[in-house]
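Structural overview for review
These are the residues of each chain, in order.
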Amino acid sequence: MLSTMQDVSLTVSRILAHGSTVHGDSEVITWTDTDPHRRTFAEVGRRAAQLAHALRDELGVAAEERTATLMWNNAEHLEAYLAIPSMGAVLHTLNLRLPAEQLTWIINHAEDRVILVNGTLLRLLAPLLPQLPTVEHIVVVGPGDRSLLAGTSARLHDYEELLAGRPETYEWPEIDEREAAALCYTSGTTGDPKGVLYSHRSLYLHSLQVNTTEAFALGPRDLALPVVPMFHVNAWGLPHAAFMAGASLLMPDRFLQPAPLAEMIASQRPTIGAAVPTIWQGLLAELDGNKRDVSSLHTVIIGGSACPPVLMRGFQERHGIRVVHAWGMTETSPLGTVAHPPAGVSDEEEWAYRATQGRFPASVEARLIGPGGEELPWDGQAAGELEVRGPWIAGAYFGGAQGQALRPDDKFSPDGWLRTGDVGTITPNGYLTLTDRAKDVIKSGGEWISSVELENHLMAHPGVAEAAVVAVPDEKWGERPLATVVVTEGSAVTYEELQAFLGERIARWQLPERWAVIPSVPKTSVGKFDKKVLRRQYADGELKVTRLG
Ligand code: AMP
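Here the structure is a predicted model, which means the values were calculated and not measured. Just so you know, the residues in each chain are numbered from 1, in the order the chain's sequence is written. With pLDDT at 70 or above as the cut-off, local features in this predicted model cover only qualifying residues; side-chain atom pairs require 80 or more to be listed or tallied, and sums for whole chains, interfaces and linings still use all residues. In computing side-chain values, all of the structure's heavy atoms are included and hydrogens and water are not.

Details of the domain arrangement of the protein chain
Selection rule: Segment limits for the domains were obtained from an automatic or database-derived domain assignment. When checking whether two residues touch, look at their non-hydrogen atoms; a contact exists if any pair is within 4.5 Å. Here's the idea: put two parts together, see how much 1.4 Å probe accessible area each one loses, and the total over both is what we call buried area. Here, a salt bridge means any Lys or Arg side-chain nitrogen found within 4 Å of an Asp or Glu carboxyl oxygen. Here a polar contact is recorded for every N or O atom pair within 3.5 Å, except that within protein the pair must consist of a potential hydrogen donor and a potential acceptor, and residues adjacent in sequence are included only if both atoms are side-chain atoms.
If you check the domain split of the protein chain, you get domain 1 (10–256), domain 2 (274–327), domain 3 (333–436) and domain 4 (440–547). Listed as interface residues are five residues of domain 3 and, on the opposing side, eight residues of domain 4. In total, about 440 Å² of surface goes out of reach between domain 3 and domain 4, with carbon and sulfur atoms giving 62% of it. Summed over the shared surface of domain 3 and domain 4, the number is zero salt bridges. Our count for the contact surface shared by domain 3 and domain 4 stands at two residue pairs in polar contact (both at pLDDT 80 or more).

So this is what it looks like as structure tokens:
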């Protein structure tokens, strides 16, 4: 029997309508190198309508058409976030840190016809244009050297000129909530990038979840600082969620270095921020060296890579800022787990819970699969590959305009669960601890060594700024850990000291024999440790490795 409830589609246009009216006074503040630029949600709503008119009437953007952005986090990007899906097209966010060939591949695969690009990024886009046959229109947002585009066959537009004088309301079409709203390609390091097509429904439900106390609890009193780029899984859903909840947004634009971040926090007083560990590590060092008033910031969300516990403690103990650890993927929108401790535990137990990747919300079902394909218990001990399913979890990848959706066997189980490629344990009360990426686990003599655990211990040593541990071939054991460390400035720490330090914390057989000091850990386009590069450097003999007895 069907229910008697109304069947109203959960769409981005409803988030837009709500945020720009009920929360019309909330603001989006974009950091600049002069004065921060402020715009109310009501203005964003009017300008989103103008943008939709311009895209449809002037540029001929049709329903379902992928429309790309190559932009920093700023107010105009938010306008595109809301306008493009609301008019029935698909917002395609381009990762500006990808190598040129990958970016070209992605734009061609998505068949983008229109690209909105920040003027400061024209130097990135211009050289690609001869290889982008589908691109007909380039809309330049903000200042930049437009002469870089001389000679292109695409039509050039100025964002502000394109919007000027157009109607400030738009008759947003009624869209089936299962329709595609946004497209984001994974930053995968093997094979072609894979496109995840978010639906209106998945974005809407995900935003609701982000705003619960189980996650980040955004509300109208918040000023949220998404340092995580809007091209990386929709800035973890924060722009949509903030617009829905009336939380104001502080957008860092291209000012992502520790000093300007500290500056904007001190002067604009955000309440909550989100970024990968590398960014927060830089900020912590900045604040330790040059104290500023960051007391407004009650929460810092860290995800994208494992958050070293020492980073969590550093923020809390030295600056009174609570770090909340979270796990997710491009394929999971990304909210998968959030590490809030359960009720009724001691302070020390709290830390142990907060160091995990966290708990799943009701909408994300999880299971652990063992090496033989068997489902493992949630006992906090058995480690297996994590598989998830839910209304904001991808069930396939975008196969291109004419292509079928792609469901590679290594990414989706026969019964439709997403294979995350992450290995870990789950406690009976649902806390996930990731020990590795499946491809990064170190298989030593039939036992697994967790690279993440070794890294976390190493990074807790004052002489170590960063540490990355990778598996290297070993004649006797199959694989053994190679510990690569970035030493803190001025430190004279020795390998023997580090090994002794580890020896007090982990089993003897897990201790790395091979050590190398590196200037910095290679990072992927979204700031994660790029262990593939380290493995290659080891194989090519580029690392100066010391072997301890
Ligand atoms: P991406 O799709 O680029 O966001 O990458 C997703 C992957 O990042 C996950 O499958 C994990 O391997 C990793 N990841 C994300 N968050 C965490 C976390 N909190 N701890 C450990 N790994 C993480």
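Here the narrative resumes, following the displayed structure.
Details of the environment of Gly384
Which entries qualify depends on this criterion: Secondary structure elements are defined from DSSP: runs of H or I of at least 4 residues count as helices, runs of E of at least 2 residues count as strands, and each element is numbered from the N terminus. Buried residues are those whose accessible area, probed at 1.4 Å on protein chains only, stays under 20% of the maximum for their type, while exposed residues exceed 50% and partly exposed ones sit between those limits.
Its place among the elements puts Gly384 in strand β19 (residues 384–389). Exposure remark for Gly384: the relative accessible area of 1% places this residue in the buried category. Expressed as a C-alpha distance, the spacing of Gly384 and Leu434, which sit 50 residues apart in the sequence, is 9.5 Å. If we skip the residues at most four places from it in the chain, Gly384 touches Leu368, Ile369, Leu376, Asp422, Val423 and Gly424.

Quick look at the packing of helix α2 (residues 41–58) against helix α3 (residues 75–86)
As a reminder, the rule being used: As a rule, the C-alpha atoms of each element are fitted with a line to give its axis, helices using only the stretch in contact, and angles between N-to-C directions run from 0 to 180 degrees. Handedness of a helix crossing follows the sense of rotation of the near helix relative to the far helix, less than a right angle counterclockwise being left-handed and clockwise being right-handed. We call Asp, Glu, Lys and Arg charged. Ala, Val, Leu, Ile, Met, Phe, Trp, Tyr, Cys and Pro are nonpolar, and the rest, Gly among them, are polar.
Where α2 contacts α3, the axes come no closer than 8 Å and their chain directions differ by 65°. Note on packing geometry: the crossing formed by α2 with α3 is right-handed. In this structure, α2 uses Val44, Arg47, Ala48, Leu51, Ala52 and Leu55 to contact α3, whose residues at the interface are Glu76, Leu78, Glu79, Ala80, Leu82, Ala83 and Ile84. Of the residues assigned to the contact of α2 with α3, the class counts are ten nonpolar, no polar and three charged.

Thoughts on the site of the ligand
For the record, the criterion: When at least one non-hydrogen atom of a residue lies within 4 Å of a molecule or strand, that residue is treated as near it. Per-residue and other accessible areas were derived by the Shrake-Rupley procedure at a 1.4 Å probe size, with only the shown protein chains allowed to occlude residues.
Around the ligand, the structure places 16 residues, and the nearest of them are Ala326, Thr330, Asp422, Arg437 and Lys528. Ala306 is positioned such that a nitrogen or oxygen atom in its backbone is 3.2 Å from a nitrogen atom of the ligand. Contacts to the ligand include Asp422, whose side-chain N or O atom sits 2.6 Å from an oxygen atom. Coverage of the ligand by the protein amounts to 89% of the 490 Å² it exposes when considered alone. The set of elements that each furnish at least two residues to the shell around the ligand consists of β14 (322–327) and β21 (431–437). By residue number, the principal contributor to the shell around the ligand is β14, which donates three residues. Its residues assigned to classes, the shell around the ligand shows five nonpolar, eight polar and three charged.

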